[in-house]
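Tertiary structure, described
Single-letter residue listing:
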Amino acid sequence: MSRKSPSLNPPARGWQRDLPGPNAKPVELPRFPMAAPNHVDEVYLELPRSYLDMRGLMLVIGCVAVIFELALVRSFAGSLIDDFDMSALAMLSSAMLLLLGAILAIRLDVAPPCDLPLRFNRARRKIYAYEIKVVWWNPFARWPVRAIEYNWDDVRAEAWRQQGLTSNGGYVAKWGVVLSVVKPGTNQVIDRIELRAKANGEGVWAYICTYMQKGPAALPPSEYDPVDWDNDPTLNPARLLAPKVKWPEAMDIESRTAPLDKDTRSVTCM
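What counts, and where the lines are drawn
- Residues numbered from 1 in each chain as written.
- Predicted model: local features only at pLDDT ≥ 70, side-chain atom pairs only at ≥ 80, totals over all residues.
- Heavy atoms only, no water.
- Helix = DSSP H or I, 4+ residues; strand = E, 2+ residues; numbered from the N terminus.
- Buried < 20%, exposed > 50% of the residue type's maximum accessible area, 1.4 Å probe, protein only.
- Areas by Shrake-Rupley, 256 points an atom, 1.4 Å probe, with all protein chains shown as cover.
- Salt bridge = Lys/Arg side-chain N within 4 Å of Asp/Glu carboxyl O.
- Pairing = 2+ DSSP bridges.
- Contact = heavy atoms within 4.5 Å.
- Axes fitted to C-alpha atoms, helices over the stretch in contact; angles between N-to-C directions.
- Core = buried A, V, L, I, M, F, W, Y, C linked by side-chain atoms within 4.5 Å.
- Patch = residues over 30% accessible without salt bridge, like charges linked within 9 Å, V, L, I, M, F, W, Y side chains within 5 Å.
- Expected span 1.5 Å × (residues − 1).
- Polar contact = N/O pair within 3.5 Å; in protein donor to acceptor, adjacent residues only side chain to side chain.

Section: the overall build of the chain
The helix and strand inventory of the chain stands at 5 helices and 9 strands. Moving toward the C terminus, one meets the helices and strands of the chain in the order β-β-β-α-α-β-β-β-β-β-β-α-α-α. Counting only residues that meet the buried cut, the chain has 41% of its 270 residues in that class. As displayed, the chain has an accessible area near 15500 Å², and 58% of this comes from carbon and sulfur atoms.

A closer look at the pattern of salt bridges
When the charged atoms of two side chains lie near each other, side chains of opposite charge can form a pair. Considering all chains together, one arrives at 13 salt bridges under this definition. The closest approach of N and O atoms between arginine 125 and aspartate 153, which form a salt bridge, is 2.5 Å. Taken together, the residues span a long stretch of sequence, with arginine 125 in the loop between strand E4 (118-121) and strand E5 (126-132) and aspartate 153 in the loop between strand E6 (145-151) and strand E7 (155-165) at a distance of 28 residues. Under the relative-accessibility criterion, aspartate 153 is labelled partly exposed at 37%. Overlapping salt bridges bring together Glu46, Arg119, Asp252 and Arg256 as one network.

Examining the sheet that holds E4
Taken together, 5 strands build an open sheet; the order of strands is E2-E3-E4-E5-E6 and the sheet is antiparallel. At either margin of the open sheet sits one strand with a lone partner, and together these are strand E2 (39-40) and E6. Pairing of E5 with E6, which is carried by 7 bridges, proceeds in the antiparallel orientation. Considered in E6, the bridge of isoleucine 127 is made with tyrosine 150. Most of the contacts of helix H3 (residues 201-214) go to strand E3 (residues 44-47), to which it runs at about 165°, and overall it touches E2, E3, E4 and E5.

Some remarks on the nonpolar core
In terms of nonpolar packing, the biggest core is built from 28 residues, with Leu47, Phe120, Trp152, Leu179, Ile193, Trp205 and Ile208 touching the most fellow members. Looking at this core, the elements with two or more residues in it are E3, E4, E5, E7, strand E8 (171-182) and H3. The biggest single contributor to this core is H3, with 7 residues. With residues up to four places along the chain from it excluded, the contact list for tryptophan 205 reads Leu19, Pro20, Gly21, Pro22, Trp152, Val155, Ala157, Leu179 and Leu195.

A look at a nonpolar patch on the surface
The grouping of Met54, Leu57 and Ile61 at the surface amounts to a nonpolar patch, some 320 Å² of accessible area in total. Mapping leucine 57 onto the fold places it in helix H1 (residues 57-82). Residue classification places leucine 57 among the partly exposed residues on the basis of a relative accessible area of 47%.

Details of H3
Over its 14 residues, H3 runs 20 Å from end to end, which matches the ideal 20 Å to within 8%, given 1.5 Å per residue. Here H3 lies mainly inside the structure; 12 of its 14 residues are buried. When we look at burial in H3, the residues that qualify are Gly201, Glu202, Gly203, Val204, Trp205, Ala206, Tyr207, Ile208, Cys209, Thr210, Tyr211 and Met212. Looking at the residues trailing H3, positive phi occurs at glycine 215, about 95°.

Side note on the environment of asparagine 187
When you line up the elements, asparagine 187 lands in the loop between E8 and strand E9 (189-194). Here asparagine 187 falls in the partly exposed class, since its relative accessible area comes to 40%. When the C-alpha positions of asparagine 187 and proline 10 are compared, they lie 8.7 Å apart, and in sequence the two are 177 residues distant. Each residue touching asparagine 187, except ones within four places of it in the same chain, is listed here: Ser7, Leu8, Asn9 and Val182. Among the polar contacts made by the side chain of asparagine 187, one reaches the main-chain carbonyl oxygen of serine 7 at a distance of 3.4 Å.

See below:
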């Protein structure tokens, strides 16, 4: 049940409300829009996530910007060599900052994997997440990827909303649902996993809870076919350059199987 004040410490940034707990009855209809689960059977559910809504656009814009900014840097650097000028130095500094921004845009498009999957194992009652940590201030660094696991009973969900100013003075709003992991037996948050379901994050949380509580038979059928994000044929250069998902071998096996004393029968993927 949602609360009028946050129950977790600290609350999610832009907190709006707490969503029903992992073992509570969902208040929203279960829904996974705009895609199909990567996999669903009696043992585990895997949902796709994308770091960016659209891949390839920032790569093209960034490459064009890099060429343009390199020409500016060369021009202003040449002016400083011929005759020191404060205005040329200021323009060179601005061109260098814009060049870094263009390189960051390229990295944002090609560095994250095409998919950042979430796995929910009913038999083990665990959640497994594939995450990338983007280092915004250093586009040249190697951005670390981590694969993590937590107990399902320690997962909470919070709806958030944030807004800010645009370049023309207007407002832009963002909203979503974050999965918050708490220290067992407390409301102290130890980690957060962004659900990245902007269309209907609360419905996706209800979808996940319905699966974990009742199994795949209780889920609504998907209107889409599953996609193999690592091997999906594409001409999109950003997706071709993006790294493939590589779970640690032991975690990959554990997250897709049940303990030996559990039933591992599969059902048709929805």
